Amino acid sequence: MPSSSSALLLQASAKLLLLWWQWPEAVMAEVAEKEQSCLRWDQPKGIDDRGLSQNGDVVIGGLFVVHNQPPTPDLSFTRHPGQEPCFSLQKEPYRWAHALVFAVEEINRNPYLLPGVRLGYQILDSCTRYPWSVRAAMSLISGGNHSCKSTGPVRVIIGDASSTQTIMLSRILSPLQVPLISYQASCACLSNRREFPNVFRTIPSDVYQARTMAHLAEHYGWTWVGAVVVNNDYGLLAVQAFRERAQGTGTCLAFFETLNRETLAQDVDRAATTVQMSSARVVLVFAWYTDVEALLLELARRNVTGRQFLASEAWSTSSYLLNNPALRTIGNGVLGVAIRSAPIPGLEAHLRKLHPSQHPGDALLRDLWREEFGCDPDSESGPDSLPPCSGTESLEGVQSTFTDTTYLRVTYNVYLAVYAAAHAFHSLLLCSPIHTEMNTSQQCSNDYNISAAEILQHLSQVNFTTQLGENFVFHGGDIPAVYDLVNWQEAPNGVLKYITVGRVEGSKLHLEDSAIWWTTGSQVPVSVCSESCPSGTRKASRKGEPICCFDCLPCADGEISNTTDSLTCDRCPLEFWSNDQKNMCVPLTVEFLSFTDAMGITLTTVAVSGAVMTAAVAVVFLYNRHTPIVKANNSELSFMLLMSLKLCFLCSLLFMGQPTDWSCHIQQAAFGISFVLCISCILVKTIVVLAVFRSARPGSDSVMKWFGPGQQRGSVFLFTCVQVVICAAWLSLKPPQPHRNIGLKIILECTVGSVAGFATLLGYISLLAAICFLLAFFARKLPDNFNEAKFITFSMLIFCAVWIAFVPAYVSSPGKYAIAVEIFAILASSFGLLLCIFVPKCFIILLRPEKNTKTFLMGKTQTQQ
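Cut-offs used in this document
Residues numbered from 1 in each chain as written. Predicted model: local features only at pLDDT ≥ 70, side-chain atom pairs only at ≥ 80, totals over all residues. Heavy atoms only, no water. Helix = DSSP H or I, 4+ residues; strand = E, 2+ residues; numbered from the N terminus. Buried < 20%, exposed > 50% of the residue type's maximum accessible area, 1.4 Å probe, protein only. Contact = heavy atoms within 4.5 Å. Areas by Shrake-Rupley, 256 points an atom, 1.4 Å probe, with all protein chains shown as cover. Pairing = 2+ DSSP bridges. Axes fitted to C-alpha atoms, helices over the stretch in contact; angles between N-to-C directions. pLDDT = per-residue confidence, 0-100. Phe/Tyr/Trp six-rings, centres within 6.5 Å; stacked < 30°, edge-to-face > 60°. Lys NZ or Arg CZ within 6 Å of the ring centre and 35° of its normal. Polar contact = N/O pair within 3.5 Å; in protein donor to acceptor, adjacent residues only side chain to side chain. Disulfide = S-S within 2.5 Å. Salt bridge = Lys/Arg side-chain N within 4 Å of Asp/Glu carboxyl O. Patch = residues over 30% accessible without salt bridge, like charges linked within 9 Å, V, L, I, M, F, W, Y side chains within 5 Å. Core = buried A, V, L, I, M, F, W, Y, C linked by side-chain atoms within 4.5 Å. Parallel < 35°, antiparallel > 145°, perpendicular 65-115°, else oblique. Left-handed = near helix turned anticlockwise from the far one by under 90°. Nonpolar A, V, L, I, M, F, W, Y, C, P; charged D, E, K, R; others polar.

S.K.: Help me out: how do you make sense of the overall build of the protein chain in this one?
M.R.: Each helix and strand in the protein chain was counted, giving 26 helices and 29 strands. The buried share of the protein chain, reckoned over its 865 residues, is 53%. In the protein chain, the proportion of contacts linking residues at least 24 apart, taken out of those at least 6 apart, comes to 70%. If you sum the accessible surface of the protein chain, you get close to 38200 Å²; carbon and sulfur atoms cover 58% of it.

S.K.: Please clarify how the sheet that holds strand E12 (residues 308-311) should be interpreted in this entry.
M.R.: Across a sheet, paired strands are connected by hydrogen bonds in the backbone, their directions being either parallel or antiparallel. What the eight strands build is an open sheet, ordered E10-E9-E11-E12-E13-E18-E19-E20; its pairing is mixed. The open sheet has two free edges, formed respectively by strand E10 (252-259) and strand E20 (508-511), since each of these has just one partner strand. Between one strand axis and the next, the sheet turns through 25° on average, direction left out of account. Pairing geometry for strand E18 (residues 482-490) and strand E19 (residues 496-505), over nine bridges, is antiparallel. Residue Glu490 lies in a different strand from E19, and its bridge partner there is Leu496.

S.K.: Help me understand unusual backbone geometry in this model?
M.R.: Most peptide bonds are trans, and most residues other than glycine sit at a negative phi. A cis amide bond links Gly159 with the next residue in sequence, Asp160, at an omega value of 0°. Mapped onto the secondary structure, Asp160 falls in the loop between strand E6 (156-158) and helix H6 (163-173). The phi dihedral of Leu114 is positive, around 50°, even though this residue is not glycine. For Leu114, the location among the structural elements is in the loop between helix H4 (91-109) and strand E5 (119-125). The exposure class assigned to Leu114 is buried, which follows from its relative accessible area of 4%. With a phi angle near 55°, Asp565 is a residue other than glycine that sits in the positive phi range. Within the secondary structure, Asp565 sits in the loop between strand E23 (559-560) and strand E24 (570-571).

S.K.: Teacher, can you tell me more about the pairing of strand E2 (residues 58-64) here?
M.R.: Side chains on a regular strand alternate between the two faces of the sheet. When you tally the buried positions in E2, you get seven out of seven residues, the bulk of the element. Burial along E2 is two-sided: the face carrying Val58, Ile60, Gly62 and Phe64 and the face carrying Val59, Gly61 and Leu63 are both buried. The sheet contact formed by E2 and E5 spans seven bridges and is parallel. By the bridge assignment, Ile60 is partnered in E5 with Tyr121. Across three bridges, E2 lies against E6 in parallel orientation. Within the sheet, the bridge partner assigned to Gly62 lies in E6 and is Ile158.

S.K.: What should I look at first to understand the confidence of the model for the protein chain in this one?
M.R.: Should pLDDT be low for a region, the predicted coordinates there are not to be read in detail. Averaged over every residue, the pLDDT of the protein chain is 82; residues scoring 70 or more account for 84%. Per-residue pLDDT stays below 50 along residues 71-84; that stretch engages in 26 contacts with residues further than four places along the chain or on separate chains. Scored below 50 in pLDDT, residues 860-865 makes five contacts in the model with residues more than four places away or belonging to other chains.

S.K.: Would you mind showing me how to read the packing of aromatic side chains here?
M.R.: The geometry of two aromatic rings is summed up by the distance between their centres and the angle between their planes. Following the criterion strictly, the structure yields 28 aromatic pairs and no others. Ring geometry for Trp369 and Phe373: centres 4.8 Å apart, planes at 50°, overall tilted. Here Phe373 and Trp369 lie together in helix H14 (residues 363-373), a separation of four residues that amounts to about one turn. An aromatic cluster is built from Phe671, Phe675, Phe799, Trp803, Phe806 and Tyr810, whose rings are joined through pairwise contacts. Sitting over the face of the ring of Phe838, Lys841 holds its NZ or CZ atom 5.9 Å from the ring centroid.

S.K.: For this particular structure, what's the right way to read the environment of Ser142?
M.R.: Mapping Ser142 onto the fold places it in helix H5 (residues 130-142). A distance of 3.0 Å separates the side chain of Ser142 from the backbone oxygen of Met138, its partner in a polar contact.

S.K.: Sorry if this is basic, but what is going on with the state of the cysteines here?
M.R.: In a disulfide, the sulfur atoms of two cysteines are covalently bonded to one another. For the structure on display, the rule yields eight disulfides. A disulfide bridge connects Cys252 with Cys548, and the sulfur atoms are separated by 2.0 Å. Here Cys252 and Cys548 share a disulfide; its torsion about the S-S bond, 90°, makes the bridge right-handed. On the criterion of sequence distance, the pair formed by Cys252 in strand E10 and Cys548 in the loop between strand E21 (537-541) and strand E22 (550-554) is long-range, its members being 296 residues apart. A single burial state applies to Cys252 and to Cys548, both of which are buried. Cysteine Cys678 remains unbridged, with the sulfur of Cys648 as its closest cysteine sulfur at 4.9 Å. With no disulfide of its own, Cys772 lies 8.8 Å from the sulfur of Cys800, the closest cysteine sulfur.

S.K.: What is the right way to look at the pattern of salt bridges in this model?
M.R.: Pairs can form between side chains of opposite charge once their charged atoms are near each other. Within the structure shown, the criterion is met by 26 salt bridges. Residue Arg301 is joined to Glu298 by a salt bridge in which the shortest nitrogen-to-oxygen separation is 2.6 Å. Taken as a pair, Arg301 and Glu298 lie in helix H10 (residues 289-301) at a separation of three residues, close to a single helical turn. Classification of Arg301 by relative accessible area gives exposed; the value is 60%. Here Arg713 makes a salt bridge to Glu636, at a shortest N to O gap of 2.7 Å. With Arg713 in helix H21 (residues 709-733) and Glu636 in helix H19 (residues 635-651), this residue pair connects regions lying 77 residues apart in the sequence.

S.K.: How should I be thinking about a nonpolar patch on the surface in this particular structure?
M.R.: Taken together, the side chains of Met613, Leu835 and Val839 define a hydrophobic patch exposed on the protein surface, amounting to about 220 Å² of accessible area. Note on placement: Leu835 falls in helix H24 (residues 816-847). Residue Leu835 is classed as partly exposed on the basis of its relative accessible area of 38%.

S.K.: Help me understand the nonpolar core in this model?
M.R.: Note on soluble globular proteins: their nonpolar side chains tend to be buried together. Counting 139 residues, the largest nonpolar core has Phe64, Leu100, Leu119, Phe242, Phe309, Trp315 and Phe425 as its most contacted members. The leading source of residues in this core is helix H15 (residues 410-429), at 15 residues. Discounting residues that sit within four places of it in the chain, Phe309 has contacts with Val283, Val285, Leu296, Leu299, Trp315, Ile330, Val334 and Leu335. Membership of the second largest hydrophobic core comes to 66 residues, among which are Cys651, Val688, Trp730 and Ala825.

S.K.: Help me out: how do you make sense of the packing of helix H7 (residues 206-219) against helix H8 (residues 233-246) in this one?
M.R.: Geometrically, a packed helix pair is captured by the angle between its two axes and the distance between the axes. Across the interface, H7 lies against H8 with an axial gap of 8 Å and an inter-helix angle of 45°. When the axis of H7 is compared with that of H8, the two are oblique. Note on packing geometry: the crossing formed by H7 with H8 is right-handed. Contacts between H7 and H8 involve Asp206, Val207, Gln209, Ala210, Arg211, Met213, Ala214, His215 and Glu218 on the former and, on the latter, Tyr234, Ala238, Ala241, Phe242, Arg245 and Ala246.

S.K.: Which parts of the structure should I look at to understand the packing of H4 against H15?
M.R.: At their nearest, the axes of H4 and H15 sit 8 Å apart, and the two run at 35° to each other. Considering only the axes of H4 and H15, their crossing is right-handed. Together, Arg95, Trp96, Ala99, Leu100, Phe102, Ala103, Val104, Glu106 and Ile107 of H4 and Val410, Thr411, Val414, Tyr415, Val418, Tyr419 and Ala422 of H15 make up the contact between the two elements. Residues belonging to the contact of H4 with H15 are distributed by class as follows: 13 nonpolar, one polar and two charged.

Quick look at the structure:
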C-alpha cells in the first residue's frame, strides 16, 4: 500500500470509530439528529445524492466506481457547496450497480430464498478515490445517506472494486466484523484470513491470473517479458506472483515500471520510453483501464509497434478502450486474462426499461440520460444547459455499454455476491446449522436485528447451486479460479473487438492457437533476451545479467548436447566421439595400418620389392658363384646375408594388418632376430676381411686358420642365439599385447610389453652395428681394388643414421604412422645394406664382366708392391 494510503487510513479509521460509537441507533431514529448527520456527512441540502437505495428488512450495501476521480484529489471528508466530488460517468460500473438492484429484486420475488424477508439495498459511489470509498462505507454501516433517507445500517457491503480500497476498508471494518464481498478486488494478499478475516470475493485471486500469464509465457516461449503495473497492491503483488511462477519456467522480467494515479503523466512518459527502448517484445500490464489508455496513447503517439501486450482482467475487456479509435493499431492483437463470463437472464430487459420518470431519485440515471440522448431530464432548456428531454427517450433500441449484456463478467460477480449474501441471511434467519472448527451449532435470529458477526460467520459456510448449475462455496474467502482468455481483433468495420480464445480452470490452460491474432500477425511473436542454444552447444550465463540472457558455447570435443538450451554438455561413452555438429556420439574410427589403405599398399609394395631384389641378387650370386668376385667375398656368408636381408624385408609385413596376439608376439621377435642375423653376417665378413689382410703381412702368422668357415658360421649362430634368448625371455615374461588406444580414434596397436625387453633387443642390435661399423672403418684403407670394408662402412653409416632418426620420429608419430615409421626404418636400413654391399658386385658381374678377374681384384696390391 502506498505511504499516502497509510496516512489516509489512520485518519479515516479515527474518524469512523469515533463517529460509530457516538451514533446509537436510538438517536438515529430522531429526525432532527438525522438532519444534522446528513449535513455532517456530505453537501448541504438541495444537492442530489449520487447513489441508489431501497429500504428493506435486511439491507445490503454496495460500493461502485461509477465516476472517475476529480482532477485534484480532495483528501478531506467535507465538500463545499457546488464542488462535484467526481466526474465522467462510467457506464459499465453503473451496470454493475444495477446488477445488484436486479439481483435483490429477483431474490425478493423468489418464494424459496428468504421467504417473508424483504431485501433492501443502498449503493454509493466510491469514485476511485480512498476518501470517497471510506466516507461511503461509513455512511453505509451507519444507516444514513446523502439525501437523509435512512435505509437502516447495512449488514454486508458488496465492494469495493479496487484491491487497495478493499484492504483499507477491511482494516477499518474488521474490528466491527462487517463483511465485505468484493467483486473485483483480486489482490493475492486478501486471501490471508488472519489479516483480512472479513473479506470475501467472487473474483479469483491475482495469484492465479499471474500464474496464467506465466503459463502463457512458458507456452509460447517468451523468456524476456516486461511489466508495467499500477503502483498499489493490485499491481505490485501481481508482479510478485508472476515472478514466483516464472522462476521455474526460465522467464525473466526485462523491466518493471509502475504507474501512480497522482503522477500519471510523468510515469506514463517514463514507462513508454522503457517499453520503446527495451528488447522485450511482450509486455505484461496490470493496471486500471484509464491508466492503460494513457500508456497506449503515448506509445501510439511515438509509433511504437511490434509489442505484444498481456492484459490483466482490469482492462482486457474494457469497452472504453476497445471503442477508442486511436488505439486500433497498437491494441490489435492484445491477449488478456478476463473474468469468466456468464449470462444473467432478464438483466437486459431490466436495464432497457429504466427511465428517469420511474426513478426520480436516481441521479446516476439522469447522468446516463444526458450522455446517451444529449438532453436534460431535469431542467428546461437554457443558454448553458442541455435541451430538456421529451420524455419519449428509451433505452430499448440503444446500443450502449450500459445495456450490453453479451459478456457479463464483473456484472456476474456482483450478481453472485448478492446471492452469496442472501444465502447467508437465509441460513441465519431460518436457523440453519453452521459448522466451525470446534463444533456444529444452531444459530439463528428471530428478528431482523442481525449482528455483523453473525452474518460473517454464516457467509463462510455459504454453499448453494448457481443458475448455471455450478456449486458455489467460499474456500476461505476465495472462489476457485476460472478465467476466459480473450484476444483483441479488428472487426471488418475497423472497430476493435475481443473474442474468447481459451479458458483457464485452476492450473489447466485450454487455448485455440489458430484463433489468436497477434500483434505481429499470424505468427507468434518472439520475445527472448538470447536466442535458444541449438543442440551441440550449452548455455553460459552472462555475468551480472538475468538467467535469460546467456551465450551459446559449443561443446568441447568428445562432448554433445542433443537438446536445445542445454545447460551442460555430456561426455560421450568410451569408444564413442562427438560428430562435427556435437549433437550425437558416433563410434570412434578404428585405425590400424592396413594392407588395403594407400600407405599399407605402398609399404607392402616396397617390402615385397626389396625381397624380390634380394632374391634376384641371390640368383645372380648363385649363378656366378665360381667367379672371383663372389669367391673373394666369402660366398657362404654372402648367401647367409642375403637370406637375412630377405627376412628383414618380409618381417616388415608382420607390422601391418589388425594386431592380434600372435602378430604382436612375433613381429618384434622376427624383427630383432632377422636384423641380428643380418648384422652378425656383416660383422663376421668384416672380421674375415681384417683377418685375411693381417695374415697376408710378412712375418704374421696366419689368422685364418683360427677363423675358418666353421668358426664363421658358429660366430653368426652365436650372435643370433643371444638375440633369440633375449626375445624368448621377453615373450615369456611380459610379451607385447594388442591394445586399443582410445583418443580421437581407436588405434589398434601392439604394446611393447616389457620396455626393458624391447630396449635390450634394440640395444643388442645397436651394439653389433657399432662394432661392425668400427671394424669396417678401420679396414676401409686396406689395399685392394675391391675392398669390401669400404662398402660395409657406408652401409653401417646408413643403417645407424636410419635408426638414430627413427627414435624421435617414432615417438612423435601418432597412431598407425608410428608403425609406418618403424616399417620405413626396417626397409630403409635393409635397402641400405643391400645396395651398399651387393649392388657394386652385381654391377661388375652383370655390366663389367671383364673386371671379374683375380688379376683386377689384386691389381692395386701388385702396383704398390
